[in-house]
Structures are given as C-alpha cells and as structure tokens.
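Listed below, chain by chain, are the residues.
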Amino acid sequence: MKESKNQEIIVKKAATRLRPYLHRTAILSSELLNSFLGHKFFFKAELLQKVGAFKARGALNVLLSLKEENQLPKKVVAFSSGNHAQGVAFAAKTLGIEATILMPKYASALKQQATKSYGANLVITEDRNEAEARVNEFIDKGYYFIHPYANPKVIEGQGSACYEALEDLQTSPDLIIAPCGGGGLLSGTFLAAQELSPSSKVLGCEPITANDAARSLRDGKIYSFDHSPNTICDGVMTLHVADITFEYLKKLDDFIEVEEEKILYWTQWLTHLLKINIEPSSALAMAAVVEHLKNNAYDKAQNILVILSGGNIAVDKHRLIWERDYLNEVPSL
C-alpha cells in the first residue's frame, strides 16, 4: 500500500538532514555469493556507520529535528540493550548536550564501554524491564526521552539508510530486507522503499527464539515477552514492538523467523565473503532472505538489498559465533 506523500517527504528530509553528520555507508557485494545462490545481493553496510550501527541515524534525526524547532533539550535519556545506547550518546555529544542511558547488566560489555566513551552517563539495571521502567524517573526530572523505535523521527532517521542505498543503486531491487527488534529500522525501510522503489517487496525477520513481532502478526495484537529473549542477536532482544511500528509491519510482504544456527552460519559466511565485521543481528537478515528464496519460486534471478544493521561484537560473542566452523558448508538454495 502506498504511503502518503507527506510521509515520503519526511523520510527524504531525514536523509538530507543527516547527511552532514554521518557516513554515507558503502554498498557491498560478492560475486562468489551471487554465483552460489543464483541471485544478486547488495549489502548496505551500516556496520561502517558512526557507532558501528544504523542507530546513530534515528537518535540524531530526533535531536536535529528538535534543534530546527528551537526545542533542543539540555539533557536526554534512553534505555537500550546495545546499539541505541551508542546512537543516543553519539547524537548528544554531537550537539553538546547531556545523555543518560539505562542498560541491563547483561548488555554487551563492549557496547557499555562504547556508550561511556561518547560521554554518556550509564545506569546499569537488573534487566530490560527495569531499564524501561526507570526512564520515567528521568523524564520527571526534565530529561527528553528518545525511545529506540516508538518515535516517528527515529523511524524516519533509520529509514535514511535504505533511502541512501536506493539512491546509490539507481535501480529498484526486487527484494529489500531488514532485521526487526522493535521495528524502527524495518518501518523506516518500508517508508524509504515506498518513496524510491514502490515495486520492491519489503521483508522483515527476527530470530525464532525472539519472535515477538511474528507472534504479534499472527495474533493481530502486540505480543510481549516477560523477559529479554535468549538469542545470539543482542541487537534485537526487545520485549515487544510498538503500536506505531506494528502498523508498518502489517504492510510487509513477508516476515521470516530464523533459527539460531542459520544466523551463526551466515554471520561466518558474510564475514568471510565481505571481509568485514558482521554482527549476528545483521546476518539475521541474510539468513532470512535465503529462507524466503527457498520457500518462494522466482522465475528469474532477483536483485536483493540487505540492510546490514551493525558490527559491534564483544569477545564472548565472537567465541560463540566461531565455536563451530560453518565455512566448510558452501551456501546453496
């Protein structure tokens, strides 16, 4: 379904607004991968973005939009299990304001340290539920809250990654896929596609062990985990999607649930083929689109845009990723 012209223009404005502050990340490809699978893949490498993930886009778009309206706050607060924390910390530092981030104690030590390195005040909580609940303490003290995905400006900022990729490709891919945590990147990707490539199918995905969005889509109402789900993809360990992102997820052409082993497989193979640091949450999208291709017969080779969401991996995750060697199993459909 075509989105309103006003929404399309806003995504374009976000991309323009962010351009002076962020990298225009590369689009990567692998001829060997294309020969293995018989389709042509393009990878938007957001792991090469500021903070090593797409999250810098949404947080910065919020603050720059507020600045344009002469409403830039003096201090902001956010909760996060990882990359959003770094994105908010980076955005706040860029604009010279104070940031406080609440992170559960199991959040990656690497991401905790990176968040502090951008100058943010870090508050460690017992779990994600406590992190989300305690945000209200800071809101009551006058902090501006930057939600990781339930904010239109965050969604528009995240969508600028796909928007840039479509501009650079100068052609309409048949399929576009992005991973889903809270749904901000995926919602923004859908909007960007409606703007520049409405003929493209937009797909979403999540680990089968963290499938709150898939359950929500099946049930027709938002499902929420009681506790953070157990998955190698720490970038998508959200408890639930938001009302605003759920509405976009309903419009997707497919939503795929992926087994942990397949995520590990593609984390190794993309690292090998593209020669860059692939976060499991990024490899999730590749694993999912392969499942989609296996389950859907296409009469010609497809051009596929994969949004690689990030590349921040702590040492303990590296060990888990490479515990078993998958590189002796050549990719195929």
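See the structure above.
What you see is a predicted model; the values in this text were computed from it and never measured. (Residues numbered from 1 in each chain as written. Predicted model: local features only at pLDDT ≥ 70, side-chain atom pairs only at ≥ 80, totals over all residues. Heavy atoms only, no water.)

Caption draft 1: Local environment of the pairing of strand β2 (residues 40-45). In terms of residue burial, β2 counts as a mostly covered element, since five of its six residues are buried. Of the strand pairs in this sheet, strand β1 (residues 27-28) and β2 are connected by two bridges, and their pairing is antiparallel. Across the sheet, Leu28 pairs through a bridge with Phe43, a residue of β2. In the sheet, β2 pairs with strand β10 (residues 303-308) via six bridges, with the strands oriented parallel. Residue pairing in the sheet places Phe42 in a bridge with Leu305 of β10. (Buried < 20%, exposed > 50% of the residue type's maximum accessible area, 1.4 Å probe, protein only. Helix = DSSP H or I, 4+ residues; strand = E, 2+ residues; numbered from the N terminus. Pairing = 2+ DSSP bridges.)

Caption draft 2: Representation of unusual backbone geometry. The phi angle at Gln170 is positive, at roughly 55°, despite the residue not being glycine. Turning to its location among the elements, Gln170 is positioned in the loop between α7 (152-169) and β7 (175-179). Among the residues examined, Gln170 registers a relative accessible area of 73% and is labelled exposed. Backbone geometry at Lys275 places phi at a positive 60°, although glycine is not the residue there. Turning to its location among the elements, Lys275 is positioned in the loop between α11 (260-274) and α12 (280-295).

Caption draft 3: Region of interest: the nonpolar core. If you look at the biggest cluster of nonpolar residues, it comprises 40 residues, and the most contacted ones within it are Phe41, Trp266 and Met286. Among the elements of the structure, α2 (31-37), β2, β7, β8 (201-207), β9 (254-258), α11, α12 and β10 are those that each provide at least two residues to this core. Per-element accounting of this core gives the leading share, nine residues, to α12. When residues no more than four places from it in sequence are discounted, the contact partners of Trp266 are Leu33, Leu37, Ala283, Met286, Ala287, Val290 and Pro331. Ranked by size, the runner-up nonpolar core spans 30 residues in total, among them Tyr163, Leu166, Ile176 and Leu252. (Core = buried A, V, L, I, M, F, W, Y, C linked by side-chain atoms within 4.5 Å. Contact = heavy atoms within 4.5 Å.)

Caption draft 4: Geometry of the sheet that holds strand β3 (residues 75-79). Strand order across the open sheet formed by four strands is β5-β4-β3-β6, with parallel pairing between neighbours. The open sheet is flanked by β5 (121-125) and β6 (144-145), the only strands paired with a single partner. Across two bridges, β3 lies against β6 in parallel orientation. Paired with Val77 across the bridge in β6 is Phe145. The sheet strands contacting helix α6 (residues 128-140) are β3, β4 (98-104), β5 and β6, and the helix crosses β3 at an angle near 160°. (Axes fitted to C-alpha atoms, helices over the stretch in contact; angles between N-to-C directions.)

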